[in-house]
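# Structure at a glance
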Amino acid sequence: MKLRIQGNSLRFRLARTEVACLHDNGQVEYSIVFPGGRKLRYSVTASRSAAAVSVNYDGDSLDVLLPAAVATAWAESDDITIEGSDSGLRILIEKDFQCIHK
């Protein structure tokens, strides 16, 4: 999963396997370990209790919450993007199927 932060927006790009993981397990999660041992955890989670796309930033964790029905419909369709906002922060979740890593 690629995370891009630009201006007041967050953009997550998920590979096919990550879209499948979100669909099957309800979450995709990664972390970055910085020198000194501090870690930033970031995830995209399908939540039954989420009414809209939202973000939760707490300590060293950044969690994007998607309504479960929206995440399921997106994963099962040809749609590329889920877009939302939370208190002025733009949030994009995209399928990244064109990228091929060697």
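Residues numbered from 1 in each chain as written. Predicted model: local features only at pLDDT ≥ 70, side-chain atom pairs only at ≥ 80, totals over all residues. Heavy atoms only, no water.

### Concerning the overall build of the protein
Within the protein, the secondary structure is distributed over two helices and eight strands. Ordering the α and β elements of the protein from the N terminus gives β-β-α-β-β-β-β-α-β-β. Relative to a compact globule of 102 residues, whose C-alpha radius of gyration would be 13 Å, the protein shows 13 Å and is just as compact. Principal axes of the C-alpha set define a box for the protein whose edges measure 40 × 40 × 25 Å. Taking all 102 residues of the protein together, 35% fall into the buried category. (Helix = DSSP H or I, 4+ residues; strand = E, 2+ residues; numbered from the N terminus. Rg over C-alpha atoms; globule rule 2.2 N^0.38 Å. Buried < 20%, exposed > 50% of the residue type's maximum accessible area, 1.4 Å probe, protein only.)

### Quick look at the nonpolar core
In terms of nonpolar packing, the biggest core is built from 19 residues, with Phe-12, Leu-14, Leu-22, Val-44, Val-64, Leu-66 and Ile-93 touching the most fellow members. Elements with a contribution of two residues or more to this core: β2 (9–14), α1 (16–25), β4 (39–47), β6 (61–67), α2 (68–75) and β8 (89–95). With residues near it in sequence (within four places) discarded, Leu-66 still touches Leu-22, Val-44, Thr-45, Ala-46, Ser-47, Ala-50, Val-53, Ala-71, Ile-82 and Ile-93. (Core = buried A, V, L, I, M, F, W, Y, C linked by side-chain atoms within 4.5 Å. Contact = heavy atoms within 4.5 Å.)

### Describing the packing of α1 against α2
Two numbers describe how α1 lies on α2: the axes approach to 9 Å, and their chain directions differ by 140 degrees. Relative to α2, the element α1 lies oblique. The element α1 and its partner α2 pack so that their crossing is left-handed. Along its contact with α1, which presents Val-19, Leu-22 and His-23, the element α2 presents Ala-71, Thr-72, Trp-74 and Ala-75. Classifying every residue of the contact of α1 with α2 by side-chain character gives five nonpolar, two polar and no charged. (Axes fitted to C-alpha atoms, helices over the stretch in contact; angles between N-to-C directions. Parallel < 35°, antiparallel > 145°, perpendicular 65-115°, else oblique. Left-handed = near helix turned anticlockwise from the far one by under 90°. Nonpolar A, V, L, I, M, F, W, Y, C, P; charged D, E, K, R; others polar.)

### Notes on the environment of Leu-22
Assignment of secondary structure puts Leu-22 in helix α1. By relative accessible area, Leu-22 is classed as buried at 2%. Spatially, the C-alpha atom of Leu-22 lies 8.0 Å from that of Ala-75, the residues being 53 residues apart in sequence.

### Notes on the pattern of salt bridges
Scanning all chains against the criterion turns up eight salt bridges. Ionic pairing is found between Lys-2 and Asp-96, a salt bridge with its closest N-O pair at 2.9 Å. Linking Lys-2 in strand β1 (residues 2–6) with Asp-96 in the segment after β8, this pair joins segments that are 94 residues apart in sequence. A relative accessible area of 37% places Lys-2 in the partly exposed class. You can call Asp-96 buried: its relative accessible area is 8%. The shortest N-O distance in the salt bridge between Glu-94 and Arg-13 comes to 2.9 Å. Here Arg-13 lies in strand β2 and Glu-94 lies in strand β8, a separation of 81 residues in the sequence. Sharing partners across several salt bridges, the network here consists of Lys-2, Arg-11, Arg-13, Glu-94 and Asp-96. (Salt bridge = Lys/Arg side-chain N within 4 Å of Asp/Glu carboxyl O.)

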